[in-house]
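The lines below spell out each chain.
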Amino acid sequence: MKTLLTLCLGMSLFGGCHATFRHNAPTIDTLNAQAFTTTAPHVNLGNLYQNDLISMAVNTYQGVQENRAERRIRDGLRPEGVTTALTTSFGDALGSGPPFAYTSQPTADATLQMEVLSYGMEVPYIGAQGIFEYRIRVRAYRADGRQVYKARVSCSNAAGAPRDVSVAFGTVNNVRQLEEMSDAQIQTAFDKVAEWCAWEVVRKMRKHAG
């Protein structure tokens with residue numbers, strides 16, 4: 001198993017692990033998309049890593065603040081809004097192709113599934129501005145159930161996202177500012193990054209299709 005995994009990782013550098021997708025892509029005319037998440041948004045505000053009383057006190061405080069921020073996000077966010085933003089933006093990005101055309105119809109040659117494995121606010125170190133990050137598992141299945149594509153996509157508002165995404169998060173760098181945002185502002189911010197992620201999914205699929 002270890003040898004096979006190592007081989008696949010090595011082949012991925014040359015696109016070998018996407019050979020099945022490259023073989024199937026020309027025979028797929030239409031593709032629809034689904035998005036879902038089974039996890040709640042998280043917040044990581046950063047910690048101190050020295051083994052002393054000051055670090056313990058700071059990290060305890062950070063944990064309390066993280067809980068406050070998570071509660072605020074969960075109160076203001078509708079996860080179905082995020083998944084809708086993913087599928088809608090994916091359709092806009094893929095359009096009529098390449099490598100195939102997007103359709104919103106339930107019947108298609110293949111279906112793409114985008115599973116949000118984690119999403120939330122990350123602060124790389126104490127005092128830094130927070131970034132909002134998504135990690136998405138992507139899989140595509142033909143109508144007969146055969147899996148023809150799999151990949152993982154990570155994206156954030158600090159990783160080359162469009163300017164409006166960065167602006168949406170420009171002031172969200174601590175818990176108080178997050179709590180002062182309205183529910184609509186929180187939803188818009190998360191939706192913006194989800195939209196950017198969908199474009200990243202399409203970019204990767206086009207690359208892997210060859």
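The notes below deal with the structure included here.

1. Details of the overall build of the protein chain
Okay, so step 1: For the protein chain, the count of helices and strands is seven helices and six strands.
Okay, so step 2: Secondary structure elements of the protein chain, listed N to C terminal, follow the sequence α-α-β-β-α-α-β-β-β-β-α-α-α.
Okay, so step 3: Within the protein chain, the fraction of its 210 residues that count as buried is 41%.
Okay, so step 4: Residue pairs at least 24 apart in sequence account for 74% of intrachain contacts in the protein chain once pairs closer than 6 positions are excluded.
Okay, so step 5: For the protein chain, the exposed surface amounts to about 11400 Å²; the carbon and sulfur share of it is 54%.

2. Observations concerning the nonpolar core
Okay, so step 1: Ranked by internal contacts, the top residues of the largest apolar core, which has 50 residues, are F90, L112, M114 and Y134.
Okay, so step 2: Secondary-structure elements contributing two or more residues to this core are β1 (30–37), α3 (53–76), α4 (79–94), β4 (110–122), β5 (131–142), β6 (147–156), α6 (175–180) and α7 (183–209).
Okay, so step 3: The dominant element in this core, judged by the number of residues it contributes, is α7, at eleven residues.
Okay, so step 4: Once residues lying within four places of it in the same chain are set aside, the contact partners of M114 are A33, Q34, A35, F36, L86, T87, F90, I136, R137, V138 and V201.

3. What about the pairing of β5?
Okay, so step 1: Side chains F132, Y134, I136, V138, A140 and R142 project from β5 onto a buried face, and the interleaved I131, E133, R135, R137, R139 and Y141 project onto a face without burial.
Okay, so step 2: Looking at chain direction, β4 and β5 are connected through twelve bridges and run antiparallel. Paired with M114 across the strands is V138, a residue of β5.
Okay, so step 3: Strand direction decides the pairing type here: β5 and β6, joined by nine bridges, are antiparallel. Opposite R135, over in β6, you have S154 as the bridge partner.
Okay, so step 4: Here β5 hands over to β6 after four residues, with G145 in that stretch at a positive phi of 95 degrees.

4. Some words on the packing of α4 against α7
Okay, so step 1: Where α4 meets α7, the axes come as close as 8 Å, and the angle between the chain directions of the two elements is 40 degrees. Judged on the interaxial angle alone, α7 and α4 are oblique. Between α4 and α7 the crossing geometry is right-handed. Across the interface between the two elements, G81, V82, A85, L86, S89, F90, D92, A93 and L94 of α4 pack against Q187, F190, D191, A194, E195, C197, A198, W199, V201, V202, M205 and R206 of α7.
Okay, so step 2: Among the residues making up the contact of α4 with α7, the classes are represented as 14 nonpolar, three polar and four charged.

5. A look at the side chain of E70
Okay, so step 1: You can see E70 is positioned in helix α3.
Okay, so step 2: Under the relative-accessibility criterion, E70 is labelled buried at 16%.
Okay, so step 3: Leave out the neighbours within four places in its chain, and E70 touches P41, H42 and V43.

6. Description of the pairing of β4
Okay, so step 1: Where burial is concerned, most of β4 is hidden: ten out of the 13 residues are buried.
Okay, so step 2: Taken together, the seven bridges between β1 and β4 define a ladder with parallel strand orientation. When the sheet's bridge partners are listed, A33 is paired in β4 with L112.

7. As for the environment of E200
Okay, so step 1: Mapped onto the elements of the fold, E200 is located in helix α7.
Okay, so step 2: Each C-alpha atom, one on E200 and one on S154, is 8.6 Å from the other, the two residues being 46 residues apart in sequence.

8. Considering the state of the cysteines
Okay, so step 1: All told, the structure shown has one disulfide when counted by the stated rule.
Okay, so step 2: Each disulfide pairs two cysteine sulfurs, and for C155 the partner residue is C197, the sulfurs being separated by 1.7 Å. As the torsion about the S-S bond is roughly 95 degrees, the C155-C197 disulfide counts as right-handed. Pair noted here: C155 is in strand β6 and C197 is in helix α7, with a separation of 42 residues, a long-range link. Per residue, the accessibility class of C155 equals that of C197, and both read buried.

9. Side note on the pattern of salt bridges
Okay, so step 1: Counted according to the given criterion, the structure contains nine salt bridges.
Okay, so step 2: For E179, the salt bridge goes to R68, with nearest N and O atoms at 2.5 Å. Note that E179 is positioned in helix α6 and R68 in helix α3, a separation of 111 residues in sequence.
Okay, so step 3: Here E179 falls in the partly exposed class, since its relative accessible area comes to 32%.
Okay, so step 4: Salt-bridge contacts for E133 lead to R135; the nearest nitrogen and oxygen are separated by 3.5 Å.
Okay, so step 5: One salt-bridge network, held together by shared partners, links E115, R137 and R139.

Basis of the calculations
- Residues numbered from 1 in each chain as written.
- Predicted model: local features only at pLDDT ≥ 70, side-chain atom pairs only at ≥ 80, totals over all residues.
- Heavy atoms only, no water.
- Helix = DSSP H or I, 4+ residues; strand = E, 2+ residues; numbered from the N terminus.
- Buried < 20%, exposed > 50% of the residue type's maximum accessible area, 1.4 Å probe, protein only.
- Contact = heavy atoms within 4.5 Å.
- Areas by Shrake-Rupley, 256 points an atom, 1.4 Å probe, with all protein chains shown as cover.
- Core = buried A, V, L, I, M, F, W, Y, C linked by side-chain atoms within 4.5 Å.
- Pairing = 2+ DSSP bridges.
- Axes fitted to C-alpha atoms, helices over the stretch in contact; angles between N-to-C directions.
- Parallel < 35°, antiparallel > 145°, perpendicular 65-115°, else oblique.
- Left-handed = near helix turned anticlockwise from the far one by under 90°.
- Nonpolar A, V, L, I, M, F, W, Y, C, P; charged D, E, K, R; others polar.
- Disulfide = S-S within 2.5 Å.
- Salt bridge = Lys/Arg side-chain N within 4 Å of Asp/Glu carboxyl O.

Distances and angles like these do not, on their own, reveal function.
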